[in-house]
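# Inside the fold
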Amino acid sequence: MSGFRLDQGGRIDRSQPVSFSFDGVTYQGYAGDTLASALLANGVMLLGRSFKYHRPRGLLGAGSEEPNALVSVTRGPGRFTPNLRATSVELHEGLSATSQNRWPSLKTDFGAINDRLGMFLPAGFYNKTFMWPRSFWDRLYEPAIRRMAGLGEAPTEIDPDHYGATYAHCDLLIVGAGPAGIDAALEASGTSKRVVLLDEQDEAGGGALSDPALWKWLEESLKDLAAAPNITILRRTTAFGYYHDNFVGAVERLTDHLPHPADGAREKLWRIRADEVVLAQGAIERPLVFAGNDVPGVMLASAARTLLQRYGVAVGRSVALMAAHDSGWRDIFALARAGVGVAAIIDLRESVDAALLGEAQVLGIAVELGHSVIDVHGRLAVKGVTIARNDGAGAALLACDALLMAGGWTPSVHLWSHSKGSLAWRDDLGAYVPDQPNEAVRCVGACSGKWSFGSGLVTDSLPTPRDQSRIKAFVDFQNDVTAKDIRLAVREGFKSIEHIKRYTTTGMATDQGKTSNLNGLQIAAQALGRPVVDIGLTSFRPPYTPQSFGALAGHAQGALFQPTRKTGIDSWAEENGAVFELVAQWRRARYFPQGGEGMLAAVNRECRAVRSSVGIFDASTLGKIEVVGPDAAEFLNRMYTNPWKALEPGRCRYGLLLKEDGFITDDGVSARLAADRFHLTTTTGGAARVLNTMEDYLQTEWPDLDVWLTSTTEQWAVIALQGPMARKLLAPLVEGIDLSADAFPHMAIREGTICGVPTRLFRVSFTGELGFEINVPAAYGRALWERLIADGAAYGITPYGTEAMHVLRAEKGFIIVGQDTDGTVTPYDAGLDWAVGKKKPDFVGKRSLSRSDIVAPGRKQLVGLLTDDPTVVLEEGAQIVADPAQAVPMTMIGHVTSAYWSEALGRSIALALVAGGQQRIGEVLYVPMPDRVISARISGTVFYDPEGARLHV
Amino acid sequence: MRRQPPQWRIEMLLIHCPYCDEARAEIEFAYAGEAHIVRPPDPSLMSDEEWQRYLFIRSNPRGRHHERWRHIHGCGRFFNAVRDTATDKFEATYKAGEPRR
Ligand SMILES: [Zn+2]
């Protein structure tokens, strides 16, 4: 118990006490606290356990760079967020947080045995140890690792919050509202530029918030900015990624800081396109690398200053400083002036600025130059340190309850790196700074390497007389990577920092090495004996800090994940109890159960109705393209396998569309309305793709053709009326069309009216029965549907869904592109030779049909499959073998593409792609399933009415 | 059943449509493969090897890449572009049928 609240100071509101809980214990803080500052004010130093060794950890930093203090926050059912940095969690009344990565409790954690086994857990331990034998992985290694590893726990309930998103455009985007960012905004305040200034913290000010001398300036500046009409300030907004062409993604947190989540969005994703970006992200202080640098109570000097100045919290009663940089001296002076006890200043350097020494003397602080901390005492909190001269002599014990580290500064070049700006190494800073921009962007302030923190000595780790291979001096606190691990990786032959990073996992935790990358880099360079610039630099990638999936998903979840397209008749299906399925983005009625019917009973009834009387089906989702122009027939002739030029107006044709590689990509029945006008249909899922392909050929290969393409999918409602009674039902409703078999044969189209509405009436059939597809303007679809249902009652008209449609077409051997074909099936494979215009000189895909592997024997071909046991329905996708007795893995010669119970045939039927299938008709093949082997005989693909007698009536 | 790509993808590029003569966000465009691969006027005259090259072989360079885009949610036109595949920067866009840049 070291930290405590000072009687005065800070920007917290002492008139507003706030109670909160951590690991079930209730504490009190103030409005304006973070969870971290409030816990420290209550003397809580131990905030978490480390990832690999389960070592006790406290605060390292005071901002979003914090690697140790990861907590889970619960805000009610479903509102559970793991891995939040306690330094970024704003305190509010009732806040409930828990520590992570420990069992059973933070103080007693069984996982800490890993710490004592540390010498057995070197870099690459997992790679080396868990390789072999393979069979141990599933049973032993993975469950054990899963129990021990991981940061926090994944939420288990559905997130009830919703998340907003917006696009923003501005002339100037400033990332970071510290002094440099505010200056840049003030500069633009008198202009006509649209400016967005954003900052991740709850208050604008950045580093100025930790410096009372700047508070007056800050207040006045923010007042000026608030008054400027061209400037938008976004607080609690993290710019997480910088993408091409000055496109910056940011997340604004709207409700997490409130005691009760409001009705509004929890977070909002900003997609900002800026003419110019100014990065003012500041710099992050660097820890020093020495044994015990992770004991709770060892922290960055700047963090201690922030806790003091901003939150009125002292990190200890007797605070020591281990410095390699001037800035730490100023930090501890501030603590001393506020009345906090200072144990000593230890500085790696042999000499420092006389002014600093003078001030230390005035404040009565003991100074040890040319010394380093070589050990830290205490397990759950700092009890003291051992220091020694840099040559290893003169080891002495120093009592203290907190140790500050001042290792110099690392410019935050994360977003600059996302934007692919180049970096330059600065020996004096021991850091990379922005060099050449790749976008319209500039860096200002500390993130450009300009700061007034003074200077320091760059060091990869502190000197120690102890055996380097026996101490744990942490580099990456979040992933538990020590200096020893990095040196070991170098000894094992790793030379590039990219490889060292992956092998040791340094910099690969959720903080992306904000506090560790440069120490790791310098230790590796030192071990390799090469300059830092020679061993490369790992890339920063979005997100800058972890962001919630909710913010990225926005409203694209549940019903809004993607648009659901509905036909004009969909509402009738819903009112009449249809069970739906999604086909592409369309919601389609799958079947219409009656009473307590299951799917099979409903589908059987629907099929019986179509075969015996009349069924009605909503086919509006069919893709439709109007092809118009003097060269329309020539164009289709080139696109489809079939000949189109001789097709007479008023007639239809089944069209087959290939890709240039010769494989089937779409099909559909199309009609010629006039010499220069066609009504094309495509598959439901293929409409957009087919139109795009056709536009492509038209615009880029054959721009000389005078043809226009228009998508008409949603212009027409299409009602399929199928069954022997279809004509009788239709006749009284139609005007201007002679429906007789002679005047209106199968595969014809007529225009007229139905119930007074203009119609394009197709006589086509996907069921094998007498059938019509009635196209009417979409808005009339439901009215016509209801009329047909009413008038059809006399014939027992039955609405049927996609499932019955599938059964009926399979009985006739009609393929579904994408189900019975898979992108490797040619027209010949599918038994559609008759649809290929062999006399045509060319069409898309024709040349490929004579490629050697396409004409080779043994290709998979579409065949029918009849199980020996007629009651067994095969599983779609099941594999087919010739010899079920062969050893596993068996030679698979094909697979089932479609399989149904055929009510008309009183048995099961299936379609399958089988190697050399067309030569195997009559053979018995086998379908091995987990519980049995099913035998089936190969047949033709047309199971029902092979002569087509039912069509031509 | 075909699913759309997730909608939260960050669409970042700005692309200049040579027909609309405007730089618009990537989300309005669709990529359409390598440019200047002309469909042979008479494929039947091609050897299997020549046809295979036309079908499958693409240059896939690191650096300058001639490629096609379609302003699919705009004017609907296909056009050509030169984009650096390493930096993603567009050097130029130009109308279909214009000579290679
Ligand atoms: Zn355009």
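Residues numbered from 1 in each chain as written. Chains lettered and ligands numbered in written order. Predicted model: local features only at pLDDT ≥ 70, side-chain atom pairs only at ≥ 80, totals over all residues. Heavy atoms only, no water.

Our focus in this paragraph is the overall build of chain A. Secondary structure assignment for chain A yields 22 helices and 50 strands. Expressed along its principal axes, the backbone C-alpha trace of chain A runs to roughly 115 × 70 × 60 Å. Taking all 953 residues of chain A together, the buried fraction comes to 58%. Carbon and sulfur atoms make up 54% of the accessible area of chain A, which totals about 37800 Å². Across chain A, 94 positive and 107 negative side-chain charges occur, with their mean positions spaced 3 Å apart. (Helix = DSSP H or I, 4+ residues; strand = E, 2+ residues; numbered from the N terminus. Buried < 20%, exposed > 50% of the residue type's maximum accessible area, 1.4 Å probe, protein only. Areas by Shrake-Rupley, 256 points an atom, 1.4 Å probe, with all protein chains shown as cover. Lys, Arg positive; Asp, Glu negative; His and termini not counted. Charge placed at Lys NZ, Arg CZ, Asp CG, Glu CD.)

Glancing now at the packing of helix H8 (residues 326-337) of chain A against helix H9 (residues 354-363) of chain A. Residue and element names in this part refer to chain A. In contact at an axis separation of 11 Å, H8 and H9 are set at 20 degrees when each is read in the N-to-C sense. One way to sum up the angle between H8 and H9 is to call them roughly parallel. Considering the relative orientation of H8 and H9, their crossing is left-handed. Between H8 and H9, the residues in contact are Asp326, Trp329, Arg330, Phe333, Ala336 and Arg337 and Leu356, Leu357, Glu359, Ala360 and Leu363, respectively. (Axes fitted to C-alpha atoms, helices over the stretch in contact; angles between N-to-C directions. Parallel < 35°, antiparallel > 145°, perpendicular 65-115°, else oblique. Left-handed = near helix turned anticlockwise from the far one by under 90°. Contact = heavy atoms within 4.5 Å.)

Moving on: helix H11 (residues 483-491) of chain A. Residues and elements named next belong to chain A. Where burial is concerned, most of H11 is hidden: 7 out of the 9 residues are buried. Three or more residues of H11 are buried, namely Ala483, Asp485, Ile486, Arg487, Leu488, Ala489 and Val490. Just downstream of H11 lies Gly493, where phi reads positive at about 110 degrees.

The reference angle at a metal is 109.5 degrees if four donors form a tetrahedron and 90 or 180 degrees if six donors form an octahedron. Residues and elements named next belong to chain B. Around the zinc ion, the protein contributes the donor atoms Cys17 (SG), Cys20 (SG), His71 (ND1) and Cys75 (SG), which lie 2.0 to 2.3 Å from the metal centre. Around the zinc ion sit 4 donor atoms; with metal-centred angles ranging over 106 to 116 degrees, the donor geometry is tetrahedral. In primary sequence terms, the donor set of the zinc ion follows C-x2-C-x50-H-x3-C. The class for Cys75 is partly exposed, based on a relative accessible area of 33%. (Donors = N, O, S within 2.8 Å, 3.2 Å for Na, K, Ca; no water. Tetrahedral: all angles 85-135°; square planar, octahedral: opposite > 155°, others 65-115°.)

Turning next to the pairing of strand E50 (residues 933-939) of chain A. Residues and elements named next belong to chain A. The element E50 is extensively covered by neighbouring structure, given that 5 of its 7 residues are classed as buried. By the bridge criterion, 4 bridges tie strand E45 (residues 860-867) to E50 in an arrangement that is antiparallel. For Gly864, the partnering residue across the bridge sits in E50 and is Ser939. Where strand E49 (residues 924-928) meets E50, 5 bridges bridge the pair, whose relative direction is antiparallel. Bridge pairing links Val927 to Ile934 in E50. In textbook terms, the turn of a hairpin is the stretch between consecutive antiparallel strands, and for E49 and E50 this stretch comprises 4 residues. (Pairing = 2+ DSSP bridges.)

This part is about the sheet that holds strand E39 (residues 716-722) of chain A. Residues and elements named next belong to chain A. In space, the 7 strands of this open sheet follow the order E40-E41-E42-E43-E39-E33-E44, with mixed pairing throughout. Since the sheet does not close on itself, it has two edges, and those belong to strand E40 (734-735) and strand E44 (798-799), each with one partner. Sheet topology note: the E40/strand E41 (residues 748-754) ladder contains 2 bridges and is antiparallel. The residue of E41 that forms the bridge with Val734 is Ile754.

Counting from both sides, the interface comprises 41 residues of chain A and, opposite them, 36 residues of chain B. Together chain A and chain B conceal approximately 3300 Å² of surface at their shared face, both sides included; 50% is due to carbon and sulfur atoms. In terms of surface lost to chain B, no three residues of chain A exceed A:His244, A:Gln699 and A:Arg847, which account for 19% of the buried area on that side. Taken together, the links from chain A to chain B amount to 4 salt bridges. B:Arg39 is the salt-bridge partner of A:Glu660, the closest N and O atoms lying 2.3 Å from each other. Here chain A and chain B share 16 residue pairs in polar contact (both at pLDDT 80 or more) between them. Sorting the residues of the side of chain A that touches chain B by element identifies strand E12 (237-243), strand E14 (267-279), helix H14 (549-553) and helix H18 (687-701) of chain A as the ones contributing at least two each. (Buried area = accessible area lost by both parts, 1.4 Å probe. Salt bridge = Lys/Arg side-chain N within 4 Å of Asp/Glu carboxyl O. Polar contact = N/O pair within 3.5 Å; in protein donor to acceptor, adjacent residues only side chain to side chain.)

Moving on, we come to the nonpolar core. Core analysis: the largest hydrophobic core is formed by 82 residues, its most contacted members being A:Leu35, A:Phe290, A:Val315 and A:Leu404. When residues no more than four places from it in sequence are discounted, the contact partners of A:Leu404 are A:Met299, A:Leu300, A:Ala301, A:Ala304, A:Val315, A:Val319, A:Ala320, A:Leu321, A:Met322, A:Ile332 and A:Leu335. (Core = buried A, V, L, I, M, F, W, Y, C linked by side-chain atoms within 4.5 Å.)

This part takes up the pattern of salt bridges. Residue and element names in this part refer to chain A. Within the structure shown, the criterion is met by 57 salt bridges over all chains. Across the pair Arg782 and Glu575 runs a salt bridge whose closest N-O atoms are separated by 2.6 Å. With a gap of 207 residues between them, Arg782 in helix H20 (residues 781-792) and Glu575 in helix H15 (residues 570-575) connect regions that are remote in the sequence. Its relative accessible area of 55% is what places Glu575 among the exposed residues. In this structure, the salt-bridge partner of Arg677 is Glu626, at a minimum N-O distance of 2.8 Å. You can see Arg677 sitting in strand E37 (residues 677-682) and its partner Glu626 sitting in strand E34 (residues 623-628), a full 51 residues away along the chain. What makes Glu626 buried here is its relative accessible area of 7%.

Let us look at the domain arrangement of chain A. Here chain A is partitioned into domain 1 (4-120), domain 2 (161-283 + 409-453 + 546-562), domain 3 (601-809) and domain 4 (857-953). One C-alpha centre belongs to domain 1 of chain A, the other to domain 4 of chain A; they are set 63 Å apart. (Domains from an automatic or database assignment.)

A few words now on the sheet that holds strand E18 (residues 319-323) of chain A. Residue and element names in this part refer to chain A. The strand order across the open sheet built from 5 strands is E16-E24-E18-E19-E20, with neighbouring strands paired in parallel fashion. The sheet is open, and its two edges are formed by strand E16 (298-300) and strand E20 (367-369), each paired on a single side. Geometrically, the sheet is characterised by an average inter-axis angle of 20 degrees between neighbouring strands, direction not taken into account. The sheet contact formed by E18 and strand E19 (residues 342-347) spans 5 bridges and is parallel. Following the sheet pairing, Ala323 is matched in E19 by Asp347. Its contacts with the sheet put helix H7 (residues 301-311) on E16, E18 and strand E24 (402-406), and the angle it makes with E16 is roughly 85 degrees.

So, on to the environment of B:Phe29. Residues and elements named next belong to chain B. Relative to the helices and strands, Phe29 resides in the loop between strand E2 (22-25) and strand E3 (30-34). Residue class for Phe29 comes out buried when judged on its relative accessible area of 8%. Not counting the four nearest positions on each side in its chain, Phe29 is found in contact with Ile15, Cys17, Arg24, Trp69, Arg70, His71, Ile72 and Phe79.

All names here are of chain A. As for its position among the elements, Thr681 is in strand E37. A distance of 2.6 Å separates a polar atom in the side chain of Thr681 from the backbone oxygen of Val669. Ignoring anything within four residues of it in the chain, the contact list for Thr681 reads Gly623, Lys624, Tyr640, Asp667, Gly668, Val669 and Ser670.

Before going further, it helps to spend a moment on the packing of aromatic side chains. Each aromatic ring pair is characterised by the separation of its centres together with the angle its planes make. One pass over the full model with this rule turns up 22 aromatic pairs over all chains. Seen in terms of ring centroids, A:Tyr654 and A:Trp834 are 5.6 Å apart; in terms of plane orientation they differ by 40 degrees. Their pairing is tilted. Placement of the pair is A:Tyr654 in strand E35 (residues 652-658) and A:Trp834 in the loop between helix H21 (802-811) and helix H22 (852-855), with a sequence separation of 180 residues. Both rings, one in B:Trp51 and one in B:Tyr54, keep their centres 5.0 Å apart while their planes meet at 40 degrees; by these two values the pair is tilted. With a gap of 3 residues between them, B:Trp51 and B:Tyr54 both fall in helix H1 (residues 48-56), about one helical turn apart. The same class applies to B:Trp51 as to B:Tyr54, namely buried. An aromatic cluster of three or more residues is present, and its members are A:Tyr53, A:Phe474 and A:Phe477. Just above the ring of A:Phe474 sits the side chain of A:Arg57; from NZ or CZ to the centre is 4.6 Å. (Phe/Tyr/Trp six-rings, centres within 6.5 Å; stacked < 30°, edge-to-face > 60°. Lys NZ or Arg CZ within 6 Å of the ring centre and 35° of its normal.)

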